Amino acid sequence: MALSIGGETVTTKLAMRMEDSLQAFAVRAACFIGELDVPYSEEFDGHDFGATHIIAYVGEEPVGTLRVRWFQSFAMPERLAVIQRFRGHNIGQLLLERARKLAESRGCNMLYAQVLPTDIKYWEKQGWRRLVAEEASSGDKRIVAVVRAVDPSKPLPEVEAPESVALRREGQLDASGLPLGTASN
């Protein structure tokens, strides 16, 4: 999908240099810390240097980013952020599609994400399927777990898309490689 905004081409690239990572972090800081009052300690949680960062640019300006963490058989896109004045131009969709293609190239069969209830309609519009929401461990925030098949022509069997996920500390996996607390049918 070719996008342009105000005559400037929208492109994506993987963060390969420290400068690229800093651009991704700047976009996230503007969106999450600046707009949503997310504490710094929650936004930058230690997973950044083991993850892949995808950055969207309008011309040379970084305007969006997505972090992807890798697990045994699935990828976890998270921290989707688009600078406010560039929203509504499908930049988030472009970032999610780049993550899907990257996951496909790495042999993943599922994408798994944790999203805020206010954002669920956006994710469902992008082809994600909602799982049962559980109480998040930090305060009264609720999180909705969503999944999507990497290859749209191969829907996820129910056994690989659990009914509910109890959200625990990030990064803890059970013996099957799924996040801890995953209920299977």
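The present account deals with the structure reproduced in this document. (Residues numbered from 1 in each chain as written. Predicted model: local features only at pLDDT ≥ 70, side-chain atom pairs only at ≥ 80, totals over all residues. Heavy atoms only, no water.)

## A few points about the overall build of the protein
Scanning the protein from terminus to terminus reveals four helices and nine strands. Buried positions account for 45% of the 185 residues belonging to the protein. When contacts within the protein are restricted to residue pairs at least 6 apart in sequence, those whose partners lie at least 24 apart make up 61%. Here the protein has roughly 9800 Å² of accessible surface; of this, 52% comes from carbon and sulfur atoms. (Helix = DSSP H or I, 4+ residues; strand = E, 2+ residues; numbered from the N terminus. Buried < 20%, exposed > 50% of the residue type's maximum accessible area, 1.4 Å probe, protein only. Contact = heavy atoms within 4.5 Å. Areas by Shrake-Rupley, 256 points an atom, 1.4 Å probe, with all protein chains shown as cover.)

## A look at a nonpolar patch on the surface
A contiguous nonpolar surface patch, about 370 Å² in accessible area, is contributed by M18, L22 and F49. Among the structural elements, M18 can be located in helix α1 (residues 18-35). (Patch = residues over 30% accessible without salt bridge, like charges linked within 9 Å, V, L, I, M, F, W, Y side chains within 5 Å. Salt bridge = Lys/Arg side-chain N within 4 Å of Asp/Glu carboxyl O.)

## Looking at α1
The end-to-end C-alpha separation of α1 is 24 Å, in line with the 26 Å expected for 18 residues at 1.5 Å each. Residue A29 marks the point of greatest curvature in α1, where the axis turns by about 30°. Three or more residues of α1 are buried, namely D20, S21, Q23, A24, F25, V27, R28, C31 and F32. Lining the buried residues of α1 we find β2 (8-14), α2 (40-43), β3 (52-58), β4 (61-70) and β5 (74-82). Phi turns positive one or two residues past the end of α1, at D37, with a value near 55°. (Expected span 1.5 Å × (residues − 1). Bend = angle between axes of the 7 residues up to and from the residue.)

## A few points about the packing of aromatic side chains
By convention here, two paired aromatic rings are described through the distance between centres and the angle between planes. Applying the stated criterion across every chain, the model contains six aromatic pairs. Plain terms: the ring middles of Y40 and F44 are 5.1 Å apart, the flat faces sit at 40° to each other, and that makes the pair tilted. Measuring from ring centre to ring centre gives 4.9 Å for W123 and W128, while their planes differ by 80°; the resulting arrangement is edge-to-face. Over the aromatic face of W70 sits the side chain of R106, whose NZ or CZ is 4.0 Å from the ring centroid. (Phe/Tyr/Trp six-rings, centres within 6.5 Å; stacked < 30°, edge-to-face > 60°. Lys NZ or Arg CZ within 6 Å of the ring centre and 35° of its normal.)

## Section: the side chain of R28
With respect to the helices, strands and loops of the structure, R28 is situated in helix α1. On the basis of relative accessibility, which here comes to 0%, the residue R28 falls in the buried class. Those residues in contact with R28, other than ones at most four positions away along the chain, are I33, E43, F44, D48, H53, T65, R67, R79 and A81.

## Some remarks on unusual backbone geometry
The backbone phi angle of D37 is positive, close to 55°, even though this residue is not glycine. In this structure, D37 sits in the loop between α1 and α2. Assessed through its relative accessible area of 64%, D37 is described here as exposed. Its identity as a non-glycine residue notwithstanding, N90 has a phi of 65°, on the positive side.

## Description of the pairing of β5
Within a regular strand, the side chains alternate between the two sheet faces. For β5, the buried fraction is high: nine of the nine residues fall into the buried class. Pairing analysis gives six bridges linking β4 to β5, with the strands arranged antiparallel. Each residue of the ladder has a partner; that of T65, found in β5, is A81. Between the end of β4 and the start of β5, which pair antiparallel, lie three residues. Taken together, the two bridges between β5 and strand β6 (residues 110-115) define a ladder with parallel strand orientation. Across the sheet, F74 pairs through a bridge with M110, a residue of β6. Regarding topology, helix α3 (residues 91-105) serves as the crossover connection from β5 to the parallel β6, and that connection is right-handed. (Pairing = 2+ DSSP bridges. Right-handed = clockwise from strand over helix to strand, strands pointing away.)

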